[in-house]
Amino acid sequence: MSGIITDYFTDCWNYFRRKHPVLESAELDLQTLPAVTFCGNCEKTYPTVQYGRTCPYCGSGETWLLRGSECIIKEIEVED
Ligand SMILES: [Zn+2]
């Protein structure tokens, strides 16, 4: 739900890796987390991609995306 398409992201990564020698041996560890939505009516959570904005348990549209829209750089490791 972040709008990042992992194949394109990886292509960009490889493009810059080839262009900058300092990144030549760098590795990308891309982790994709499933999007989860919360229903304010029945207070359950469900997978966003499968059901969208309508709660599959009660049919309510009073829902909020809990996670799945973030893009976080978790760790950058540099060897000497
Ligand atoms: Zn619900």
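Our subject is the structure that appears above.
Residues numbered from 1 in each chain as written. Predicted model: local features only at pLDDT ≥ 70, side-chain atom pairs only at ≥ 80, totals over all residues. Heavy atoms only, no water.

## What to know about the overall build of the protein chain
(1) Moving on: Helix and strand counts for the protein chain come out as two helices and three strands.
(2) Moving on: Listing the helices and strands of the protein chain from first to last along the sequence gives α-β-β-α-β.
(3) Moving on: Dimensions of the protein chain along its principal axes, counting C-alpha atoms only, are 55 × 25 × 10 Å.
(4) Moving on: Here the protein chain holds 80 residues, and the buried ones make up 12% of them.
(5) Moving on: Taking as baseline every contact in the protein chain between residues at least 6 positions apart, the subset at least 24 positions apart corresponds to 39%.
(6) Moving on: When the accessible surface of the protein chain is totalled, it reaches about 7000 Å², and 51% of it is carbon and sulfur.
(7) Moving on: Here the protein chain contributes 7 positively and 12 negatively charged side chains, and the mean placements of these two sets differ by 8 Å. (Helix = DSSP H or I, 4+ residues; strand = E, 2+ residues; numbered from the N terminus. Buried < 20%, exposed > 50% of the residue type's maximum accessible area, 1.4 Å probe, protein only. Contact = heavy atoms within 4.5 Å. Areas by Shrake-Rupley, 256 points an atom, 1.4 Å probe, with all protein chains shown as cover. Lys, Arg positive; Asp, Glu negative; His and termini not counted. Charge placed at Lys NZ, Arg CZ, Asp CG, Glu CD.)

## Description of the sheet that holds strand β3 (residues 63-67)
(1) Moving on: Here three strands make up an open sheet; going across it, the order is β2-β1-β3 and the pairing antiparallel. In this open sheet, the two edge strands, each paired with only one partner strand, are β2 (45-47) and β3. Strand-to-strand twist across the sheet, computed as the mean angle between neighbouring axes with direction ignored, equals 35°.
(2) Moving on: The sheet contact formed by strand β1 (residues 36-39) and β2 spans three bridges and is antiparallel. Across the sheet, valine 36 pairs through a bridge with proline 47, a residue of β2. (Pairing = 2+ DSSP bridges. Axes fitted to C-alpha atoms, helices over the stretch in contact; angles between N-to-C directions.)

## Describing the coordination of the zinc ion
(1) Moving on: Taken together, Cys39 (SG), Cys42 (SG), Cys55 (SG) and Cys58 (SG) make up the protein donors of the zinc ion, found 2.3 Å from the metal.
(2) Moving on: Note that the zinc ion binds four donor atoms; their angles at the metal cover 104 to 118°, and the shape is tetrahedral.
(3) Moving on: One chain supplies every donor for the zinc ion, spaced along it as C-x2-C-x12-C-x2-C. One end of the pair, cysteine 42, is in the loop between β1 and β2; the other, cysteine 58, is in the loop between α2 (48-51) and β3, and 16 residues separate them in sequence.
(4) Moving on: Since its relative accessible area comes to 26%, cysteine 42 is described here as partly exposed. (Donors = N, O, S within 2.8 Å, 3.2 Å for Na, K, Ca; no water. Tetrahedral: all angles 85-135°; square planar, octahedral: opposite > 155°, others 65-115°.)

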